[in-house]
Amino acid sequence: MAHSFSWRSPTSSQLLEVAGQTIVPESKVERRGRGGSASPKLLAVDDDPLVLRTLQRMLKATRPTWAITGAPDGQTALRLLGTEHFDVLLTDLDMPGMRGEELLEAALDIDPALTCVVHSGQIEVLKPALRSKLSGILGKPATMAELSEALDNSVAASRRGRLKAMPLV
């Protein structure tokens, strides 16, 4: 079952304590998403419910304006990607059924401009051709600072790419 969350932003002067780390709330990434959406949209995919819930909670605390959807497997993620637009796909690689590499390839077939980040304990198995299409590769466990930096950079890259791809009217 997929879950979608959206939160209000704290003031920029607030610091948050998450998993023992002090994190500054979301950076000043331009807030124009696909289709004109004001908030970045992230699809997080992990078959471990504890990891998925933890990612969502940590991101809720540090990126409160983002719309975050969780998916427990690749098939659910593909159904969501077929019906909704996302700025970033964050996925594990080692999942039963559809593995992360299969998900990434299928997701990029659906939306070639989708920005993708891998968060996995098995990053060494990534094929070079697929690595070149990724915005970020994080080994598990990544720190919140590493995850935040990778996702902020990915959102910015996604939005730059979307603006370049928009036709002039």
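Just so you know, these numbers come straight off a predicted model, no measurement behind them.

**A word on the confidence of the model for the protein chain**
Working step 1: Overall, the prediction assigns the protein chain a mean pLDDT of 78, with 73% of residues at 70 or greater.
Working step 2: Here residues 1-36 is a poorly scored stretch, pLDDT under 50, and it has 88 contacts once near neighbours within four places are set aside; other chains count.
Working step 3: Contacts from residues 163-169, a stretch scored under 50 in pLDDT, to residues over four places away or in other chains number one contact.

**Observations regarding the pattern of salt bridges**
Working step 1: By the definition in use, this model includes seven salt bridges.
Working step 2: Here Lys 41 and Glu 84 are joined by a salt bridge, their closest N and O atoms 3.4 Å apart. Within this pair, whereas Lys 41 is found in strand E4 (residues 41-45), its partner Glu 84 is found in the loop between helix H2 (74-83) and strand E6 (88-91), the two being separated by 43 residues in sequence.
Working step 3: When salt bridges that share partners are traced, they join Asp 46, Asp 92 and Lys 140 into one network.

**Some remarks on the pairing of strand E7 (residues 115-120)**
Working step 1: Within E7, six of the six residues are buried, which leaves it mostly tucked inside the rest of the structure.
Working step 2: Residues Thr 115, Val 117 and His 119 point to one face of E7 and Cys 116, Val 118 and Ser 120 to the other, with burial holding for every one of them.
Working step 3: Alignment of E6 against E7, held across four bridges, turns out to be parallel. For Thr 91, the partnering residue across the bridge sits in E7 and is Val 118.

**As for the nonpolar core**
Working step 1: Residues Leu 43, Val 45, Leu 89, Leu 103, Leu 104 and Leu 114 are the most contacted members of the largest nonpolar core, which totals 22 residues.
Working step 2: At the level of elements, E4, H2, helix H3 (100-110) and E7 are the ones that each hand at least two residues to this core.
Working step 3: Grouped together as the second largest cluster of nonpolar side chains are 18 residues, Leu 42, Leu 52, Leu 59 and Leu 147 included.

The rules behind each value
Residues numbered from 1 in each chain as written. Predicted model: local features only at pLDDT ≥ 70, side-chain atom pairs only at ≥ 80, totals over all residues. Heavy atoms only, no water. pLDDT = per-residue confidence, 0-100. Contact = heavy atoms within 4.5 Å. Salt bridge = Lys/Arg side-chain N within 4 Å of Asp/Glu carboxyl O. Helix = DSSP H or I, 4+ residues; strand = E, 2+ residues; numbered from the N terminus. Buried < 20%, exposed > 50% of the residue type's maximum accessible area, 1.4 Å probe, protein only. Pairing = 2+ DSSP bridges. Core = buried A, V, L, I, M, F, W, Y, C linked by side-chain atoms within 4.5 Å.

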